[in-house]
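# Chain and residue survey
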Amino acid sequence: MTASPIDQPEVLPAPGAERYPALDLVNSVVTLPGGRSLDLLDTPSGTGQWLTAHGLASTGAGLQEGDAERLRALRAHIRSVVVSKVHGHPASEADLQAVNDALTRAPAAPLLRWDPALGLHRMAVRRDSGILDHALARLAADAADLLTGPDAERLTACDSAPCSRYLLRHGRRHWCSTRCGDRARAARAYARRTRSVTAD
């Protein structure tokens, strides 16, 4: 069941998502209490808003359903690699290939060019493929940096069921939000009370 726009809760970024847009992408579909889910990319307008909020598209980019599907597909592949990393399993070749394909959709660095007026200089080359290919390439590069950089060992799953988000662990904190932390503590307290009643 998906949350309707009217009763959609505000979902604050998980720790680390402010530094890594790819982590926020992974968390753009959320399992809510009661079995509901919230997908911030479920429509082209939602996808456009998400990309705009992360500086990856301008307002009114005119995205279509196919664009939203492509971003959701990349999210699924990056999420799968994140899950593999967190649980210490090898990532699938299909997921790695999909992320690598996205990485090569657009030049990651300005290319070297010669111009009689400017001389030798570097210039970002924008292919006709457009905004979405550049957004996918940047998100894939960000995911690669997260998964292979110094923060990779801090990557963990939120420790509060049924939450499905990931975060960068800070100290002993294993929750993506205060709400999840409160829920996890309440569940542990309830389990302790239940055990003590059963033991009596």
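The structure under discussion appears in the preceding block.
Small disclaimer: the values here were computed from a predicted structure and weren't measured.

## Description of the pairing of strand 3 (residues 111–115)
Taken together, the five bridges between strand 3 and strand 4 (residues 119–123) define a ladder with antiparallel strand orientation. If you follow Trp114 over to strand 4, its bridge partner there is Leu120. Counting the residues that bridge the hairpin from strand 3 to strand 4 gives three residues.

## Examining the nonpolar core
By size, the foremost hydrophobic cluster in this structure holds 29 residues, and its most contacted members are Trp50, Leu51, Leu71 and Ile78. Breaking this core down by element, the ones donating at least two residues are helix 1 (21–26), helix 2 (44–53), helix 3 (65–87), helix 4 (93–103), helix 5 (131–148) and strand 6 (166–168). Sorting elements by how many residues they give to this core places helix 5 first, with eight residues. Apart from the residues lying within four places of it in its own chain, the contact partners of Ile78 are Leu25, Val26, Val99, Leu139 and Ala143. Of all hydrophobic cores here, the second largest spans seven residues; its members include Ala14, Leu167, Cys176 and Cys180.

## Here's the deal with the packing of helix 2 against helix 3
One can describe the packing of helix 2 onto helix 3 by two numbers: an axis separation of 8 Å at closest approach and a directional angle of 60°. Between helix 2 and helix 3, the angle is such that the two are oblique. Our pair here, helix 2 against helix 3, has a crossing hand that is left-handed. On helix 3, the residues touching Pro44, Thr47, Trp50 and Leu51 of helix 2 are Glu65, Ala68 and Leu71. Partitioning the contact of helix 2 with helix 3 into residue classes produces five nonpolar, one polar and one charged.

## Observations regarding the side chain of Asp95
Within the secondary structure, Asp95 is located in helix 4. An unpaired buried charge is present at Asp95: no salt bridge exists, and Arg79, the closest side chain of opposite charge, is 11 Å distant. At a separation of 2.7 Å, a polar atom in the side chain of Asp95 contacts the side chain of His77. Within the local environment of Asp95, its side chain forms a polar contact with the side chain of Ser92, the two groups lying 2.9 Å apart. Excluding anything up to four places from it in sequence, Asp95 contacts His77, Ser80 and Val81.

## Regarding the pattern of salt bridges
In the structure shown here, the tally under the stated rule is six salt bridges. When the shortest N-O distance is used, the salt bridge between Asp133 and Arg70 registers 2.4 Å. Taken together, the residues span a long stretch of sequence, with Asp133 in helix 5 and Arg70 in helix 3 at a distance of 63 residues. Overall, the relative accessible area of 31% leaves Arg70 in the partly exposed class. For the salt bridge of Lys85 with Glu153, the shortest nitrogen-to-oxygen distance reads 3.1 Å. Within this pair, whereas Lys85 is found in helix 3, its partner Glu153 is found in the loop between helix 5 and strand 5 (155–157), the two being separated by 68 residues in sequence. Judged by its relative accessible area of 32%, Lys85 is partly exposed. With relative accessibility at 58%, the residue Glu153 sits in the exposed group. A single network of salt bridges, built from pairs that share partners, joins Arg19, Asp151 and Arg154.

## As for the layout of surface pockets
In this model, the second largest pocket occupies a volume close to 230 Å³. What lines the second largest pocket is a set of 15 residues, among which Glu10, Val11, Arg165, Ser177 and Arg179 lie closest to the centre. Elements supplying a minimum of two residues to the lining of the second largest pocket: strand 1 (29–31) and helix 6 (178–199). Residue classes in the lining of the second largest pocket are distributed as eight nonpolar, three polar and four charged.

Reading the values: the criteria
- Residues numbered from 1 in each chain as written.
- Predicted model: local features only at pLDDT ≥ 70, side-chain atom pairs only at ≥ 80, totals over all residues.
- Heavy atoms only, no water.
- Pairing = 2+ DSSP bridges.
- Helix = DSSP H or I, 4+ residues; strand = E, 2+ residues; numbered from the N terminus.
- Core = buried A, V, L, I, M, F, W, Y, C linked by side-chain atoms within 4.5 Å.
- Buried < 20%, exposed > 50% of the residue type's maximum accessible area, 1.4 Å probe, protein only.
- Contact = heavy atoms within 4.5 Å.
- Axes fitted to C-alpha atoms, helices over the stretch in contact; angles between N-to-C directions.
- Parallel < 35°, antiparallel > 145°, perpendicular 65-115°, else oblique.
- Left-handed = near helix turned anticlockwise from the far one by under 90°.
- Nonpolar A, V, L, I, M, F, W, Y, C, P; charged D, E, K, R; others polar.
- Lys, Arg positive; Asp, Glu negative; His and termini not counted.
- Salt bridge = Lys/Arg side-chain N within 4 Å of Asp/Glu carboxyl O.
- Polar contact = N/O pair within 3.5 Å; in protein donor to acceptor, adjacent residues only side chain to side chain.
- 1 Å grid on protein atoms, 1.4 Å probe; cavity = no way out; pocket = protein on both sides within 12 Å on 5 of 7 lines; lining within 4 Å.
- Points joined across faces, edges and corners; volume = space filled by probe spheres on them.

Keep in mind that these numbers describe shape and distance, not what the molecule does.
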